[in-house]
Amino acid sequence: MSNIVVVYHSGYGHTQRMAQSVAQGAGAQLLAIDAAGNVPEGGWEQLAAADAIIFGAPTYMGAPSWQFKKFADASSKAWFSQRWKDKLFAGFTNSASVQGDKQVTLDYFYHLAMQHGGLWVGLGLLPSNTKAAQRNDVNWMGSFSGAMAQSPSDSSAAEMFAGDLETARQFGERVAQTAKRLA
């Protein structure tokens, strides 16, 4: 079994629920970035030991939360020593709007992974884009580069769409299967 870590920031609990679904599918450990943008004690070592790192953050104002960006900037120590080179990477995000510039956040994660010399794992699910499609279908958002979710701004984390959480779970499975193939 591969060692997979989901490192994420969640502002209101929606991204945390998504992280839990990804981790469930991947059999991964969760590593939460706190409200000040810091990882807990031992977090950097946990990431260095991982075979795969899955990034997660809400999309705020067309990009990941500042707390995730602070984490990303702090990862320059791992970059300098090439501690994450050749690891698998993947990413997921959530925002209040259906589009909400979530692709920009996934692109940010992708470029961060490439800076670290990593290998990217995309969603690998066909979009639910027929006339019969329903909001709770898997990959209703139609993403390819990572998992996306949409949570209306007046909804609680408990009200997240089941299809978005299932998309996240299946995405975690894909990352785990890819890590197993490469092991």
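Right above here is the structure, for reference.
Residues numbered from 1 in each chain as written. Predicted model: local features only at pLDDT ≥ 70, side-chain atom pairs only at ≥ 80, totals over all residues. Heavy atoms only, no water.

> How should the side chain of Asn-94 be read in this particular structure?
Within the fold, Asn-94 resides in strand S5 (residues 88-95). Only 3.0 Å separates the side chain of Asn-94 from the side chain of Ser-151, close enough to count as a polar contact. Among all residues touching Asn-94, those that are not within four sequence positions of it are His-14, Thr-15, Met-18, Ala-57, Pro-58, Thr-59, Lys-102, Ala-149, Gln-150, Ser-151 and Met-160. (Helix = DSSP H or I, 4+ residues; strand = E, 2+ residues; numbered from the N terminus. Polar contact = N/O pair within 3.5 Å; in protein donor to acceptor, adjacent residues only side chain to side chain. Contact = heavy atoms within 4.5 Å.)

> How do you make sense of the packing of aromatic side chains when you look at a structure like this?
Aromatic ring pairs: the centre-centre distance and the angle between the two ring planes describe each pair. Within this structure, the stated rule accounts for 13 aromatic pairs. On the numbers, 6.4 Å between centres and 70° between planes, the contact of Phe-55 with Phe-71 is edge-to-face. One end of the pair, Phe-55, is in strand S3 (residues 52-60); the other, Phe-71, is in helix H3 (residues 66-74), and 16 residues separate them in sequence. Relative accessible area serves as the criterion here: at 1%, Phe-71 is assigned to the buried category. Arranged with centres 5.4 Å apart and planes meeting at 35°, the rings of Phe-55 and Phe-89 form a pair that is tilted. Taken together, the residues Phe-55 in strand S3 and Phe-89 in strand S5 connect sequence positions 34 residues apart. On the basis of relative accessible area, Phe-55 is assigned to the buried category, the value being 0%. In this structure Phe-89 comes out as buried when scored by relative accessible area, which is 0%. Sitting above the plane of the Phe-161 ring, Arg-135 keeps its charged end 3.9 Å from the centroid. (Phe/Tyr/Trp six-rings, centres within 6.5 Å; stacked < 30°, edge-to-face > 60°. Buried < 20%, exposed > 50% of the residue type's maximum accessible area, 1.4 Å probe, protein only. Lys NZ or Arg CZ within 6 Å of the ring centre and 35° of its normal.)

> Just to check I follow, could you spell out helix H6 (residues 162-182) for this structure?
Given 3.6 residues per helical turn, the α-helix brings residues three or four places apart onto the same face. In a regular helix each residue adds 1.5 Å, so 21 residues correspond to 30 Å; H6 covers 30 Å between its end C-alpha atoms and thus fits that length. For H6, every residue scored as buried is listed here: Gly-163, Asp-164, Leu-165, Thr-167, Ala-168, Phe-171, Gly-172, Val-175, Ala-176, Thr-178 and Ala-179. Check the buried side of H6 and you find it contacts strand S1 (4-8), helix H1 (14-26), S3, S5 and strand S7 (147-150). (Expected span 1.5 Å × (residues − 1).)

> Please clarify how a nonpolar patch on the surface should be interpreted in this entry.
Residues Tyr-12, Tyr-60 and Met-61 make up a contiguous nonpolar surface patch of roughly 450 Å² in combined accessible area. Mapped onto the elements, Tyr-12 comes out in the loop between S1 and H1. Residue classification places Tyr-12 among the exposed residues on the basis of a relative accessible area of 69%. (Patch = residues over 30% accessible without salt bridge, like charges linked within 9 Å, V, L, I, M, F, W, Y side chains within 5 Å. Areas by Shrake-Rupley, 256 points an atom, 1.4 Å probe, with all protein chains shown as cover. Salt bridge = Lys/Arg side-chain N within 4 Å of Asp/Glu carboxyl O.)

> Is there a simple way to think about unusual backbone geometry in this case?
Most peptide bonds adopt trans geometry, and most residues besides glycine take a negative phi value. Positive phi is not limited to glycine here, since Met-61 has a value of about 50°. The backbone of Asn-139 sits at a positive phi, close to 55°, despite the residue not being glycine. Residue class for Asn-139 comes out buried when judged on its relative accessible area of 2%.

> Sorry, what's going on with the packing of H1 against H6 here?
When two helices pack together, their arrangement is given by the angle between their axes and by how far apart the axes lie. Close contact between H1 and H6 brings their axes to 6 Å; oriented N to C, the two are set at 40°. Judged by the angle between their axes, H1 and H6 are oblique. By crossing handedness, the relation of H1 to H6 is classed as right-handed. For the pair formed by H1 and H6, the contact residues are Arg-17, Met-18, Ser-21, Val-22, Gln-24, Gly-25 and Ala-26 on the first element and Leu-165, Ala-168, Arg-169, Phe-171, Gly-172, Glu-173 and Ala-176 on the second. (Axes fitted to C-alpha atoms, helices over the stretch in contact; angles between N-to-C directions. Parallel < 35°, antiparallel > 145°, perpendicular 65-115°, else oblique. Left-handed = near helix turned anticlockwise from the far one by under 90°.)

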